Amino acid sequence: MRCSIGIVSLEVRYDTIIRNGRWFDGTGAPSAVRTLGIRDGHVVSITPGNLDETGCPQVIDASGKWVLPGMLDIHTHYDVEVLGGPSLSESLRHGVTTVLLGSCSLSTVYVDGVDAGDIFGRVEAIPREYVIDAVDQHKNWTNGEEYIAALESRPLGPNIAAFIGHSDMRAATMGLDRATRKDERPTKDEQAQMERMLAEALRAGFVGMSSQQLLFDKLDGEVCRSRTLPSTYAKPRELRRLKTLLRRSGRILQSGPDIENPANLASQVFQSLGIVRNPLKTSLLSAADVKSNPFAVKMMGPAARLINRMGGNFRWQHLPVPFEVYADGIDLVIFEEFGAGAAALHLREEVERNELLRDAAYRRRFRKEYDSKFGLRVWHRDFFDAEIVGCPDESVIGKSFGQVGRDRGGVHPVDAFLDLVLEHGSALRWRTTISNHRPEVLKKLARDPGIQMGFSDAGAHLRNMAFYNMGLRLLRHVRDSARSGAPFMTIEHAVHRLTGELADWYRIDAGHLRVGDRADLVIIDPEHLDSVLDSYAEESVDQYGGLSRMVNRNEDTVTAVFVGGRAVFLDGLPTDLVGTRRTGRFLRAAHNAPAPTEQEGALAHVG
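Residues numbered from 1 in each chain as written. Predicted model: local features only at pLDDT ≥ 70, side-chain atom pairs only at ≥ 80, totals over all residues. Heavy atoms only, no water.

In the annotation of an unreviewed UniProt entry, the entry for the protein reads Amidohydrolase 3 domain-containing protein, and the organism field reads Mycolicibacterium cyprinidarum.

Here you go:
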């Protein structure tokens, strides 16, 4: 495309042209085959015809492929990884171009390294010593605005948005020990300090505050080991004053209720209502079709719709795929939800732990709690529904612990499990699916307006699960159902749920692909939305001492990913920009976020 003014020739060219792909704009509007022109980090042309490719350094033929806005991951625990590995490439490679930090009351804005290690290590299964090293090595900020600047000084891969964590503020203000004692309350000055911290973060552009009341998230370390997170000790007055700031600013509370306390669960749902005050935008963990209680999920959608009809602004978070978890030995967070399991995880030393696992009284307690049918729970506690996938004793691989017990002469499943843990320790690897196992229920949840697509936990539970490609798996479910003649939602609706719907609710500049929008996008080959998406691979994490973590690998499915108009993945491989130049930026709530210029990106580099 050229134009001339007098004798001066001005050539208007594109940095990238994406030709003839099926384009989705992220609003849910009908898709269409279009050609997109990108310049200076933004979409500047969308046309059914051709664009002048003269001088364009990058032309991609997307015929037969889908071109959609980069997906959002609204629930991650990348707060530690982003410090030493800011490319966050495991999310990028699957078309996620915006991630939210600071979930579950956890962030690294105020706490020091040791407290961060105690708060993140056990709850999120990130080795404590590496959390401490990362925070102590990189922290040069004292508030939210400085934290944003520190992130943008790094070669960020995706865009970042963030909650400020309640446990972060509480521990930094009161000290972790006092913040995790039932008989301690913040002083008047400490309460005011937390309010100042939250107000500053909101002014800086954080999307809101995350809190947590779930009581089986336990601390690591020595001094406060096995206490619950600091936010769980907050009383109503403390929470009410913090929530008032969120209400006034129109920002969001992300929270997790105490599932063993129906009153707490109900209050968390109803807190969204305004009545004589502003509604509190609330995102609650989580909508899941749990095996342990198949009826609970039937109440979640109607509860959200009722609250929203009454004037609230409430959403459940939901992982739109089966919640399959893996474990090495007994190291898995689901054991924290009952006494015997938590007692084992309390012990850090293998010798001491093994002594407990051998104890007859301990085993009786474990069996009693395992067999109990009372009380709310996340894990179904069925060792017949737990498959061994790796063990030095190859004769047990492919069997459940229940079957191993039968093979060993009618041993109780608990004893079969504990015996194998004693014999093989962390070399015993097994898996189970805790929730979201019924495809028909997943279909209902996927289209429920009171439910958000999220809850991947990316960056945490490194040896336990991998949901980096959850968006791709939802798109496959939608596509396959349509092909089978039983559609439950359109592809356009599914794309909207993974992109624009989330961006609009969190009020961040992402999730859309229209003229003028930032060019954060992914190109998907729908013919490779196949069974490969269900498998996982393992990849070492350099900043965590080479620890092998579970990841997803779908190179043929995602053919290109762009952030800020620049390619970060092509044909399943990272480009030279990844880890060396900043392509993403911090997205401030309710602010437009221009794409970083080449000069800005070059300032955030390694070395």
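Further notes follow.
Trainee: Quick question: what am I supposed to make of the sheet that holds strand E8 (residues 71-73) here?
Mentor: Either a parallel or an antiparallel arrangement is found when strands of a sheet pair, and the pairing is made through backbone hydrogen bonds. With parallel pairing, eight strands are arranged side by side in an open sheet as E8-E9-E10-E11-E12-E13-E14-E18. With one partner strand each, in any of the chains shown, E8 and strand E18 (451-453) form the two edges of the open sheet. Each adjacent strand pair in this sheet contributes to an overall mean axis angle of 30°, direction not counted. In this sheet, strand E12 (residues 252-255) lies alongside strand E11 (residues 208-210) in parallel orientation, the contact comprising three bridges. For Ser210, the partnering residue across the bridge sits in E12 and is Gln254. (Pairing = 2+ DSSP bridges. Helix = DSSP H or I, 4+ residues; strand = E, 2+ residues; numbered from the N terminus. Axes fitted to C-alpha atoms, helices over the stretch in contact; angles between N-to-C directions.)

Trainee: Got a minute to help me understand the UniProt feature "domain: Amidohydrolase" (unreviewed entry) in the protein in this structure?
Mentor: Annotation from UniProt places "domain: Amidohydrolase" (unreviewed entry) at residues 58-247. Structurally, residues 58-247 is divided into 41% helix and 14% strand, and its ends, taken at the C-alpha atoms, are 46 Å apart. (UniProt positions renumbered as here; feature names shortened; annotations may be inferred.)

Trainee: Just checking my understanding: could you explain the sheet that holds strand E15 (residues 323-328) for this structure?
Mentor: Spatially, E15-E17-E16 is the arrangement adopted by the three strands of the open sheet, whose pairing is antiparallel. Only two strands of the sheet have a single partner each, and these edge strands are E15 and strand E16 (387-390). Strand-to-strand twist in this sheet, taken as the mean axis angle between neighbours without regard to direction, amounts to 35°.

Trainee: Hey, could you run me through the side chain of Ser103 in this one?
Mentor: Summarising the element assignment, Ser103 is placed in the loop between strand E9 (96-101) and helix H3 (113-120). Given a relative accessible area of 0%, Ser103 falls into the buried group. Of the polar contacts made by the side chain of Ser103, one reaches the backbone oxygen of Thr76; its length is 3.4 Å. In this structure the side chain of Ser103 is engaged in a polar contact, spanning 3.3 Å, whose partner is the side chain of Gln254. Each residue touching Ser103, except ones within four places of it in the same chain, is listed here: Ile74, His75, Thr76, His77, Ser210 and Gln254. (Buried < 20%, exposed > 50% of the residue type's maximum accessible area, 1.4 Å probe, protein only. Polar contact = N/O pair within 3.5 Å; in protein donor to acceptor, adjacent residues only side chain to side chain. Contact = heavy atoms within 4.5 Å.)

Trainee: In this structure, what is going on with the side chain of Thr433? I would like to understand it.
Mentor: Mapped onto the elements of the fold, Thr433 is located in strand E17 (residues 429-435). Residue classification places Thr433 among the buried residues on the basis of a relative accessible area of 17%.

Trainee: How should I be thinking about unusual backbone geometry in this particular structure?
Mentor: Peptide bonds are mostly trans, and most non-glycine residues show a negative phi. Here the residue pair Leu285 and Ser286 is connected by a cis peptide bond, since its omega of -20° sits within 30 degrees of zero. Mapped onto the elements, Ser286 comes out in the loop between strand E13 (281-284) and helix H11 (297-309). At Leu88, a position not held by glycine, the phi torsion is positive, near 45°. As for its placement among the helices and strands, Leu88 is situated in the loop between helix H1 (81-84) and helix H2 (89-92). Look at Leu88 and you get buried, because its relative accessible area is 1%. Phi is positive for Arg381, close to 55°, though the residue is something other than glycine. Along the chain, Arg381 turns up in the loop between helix H14 (360-371) and E16.

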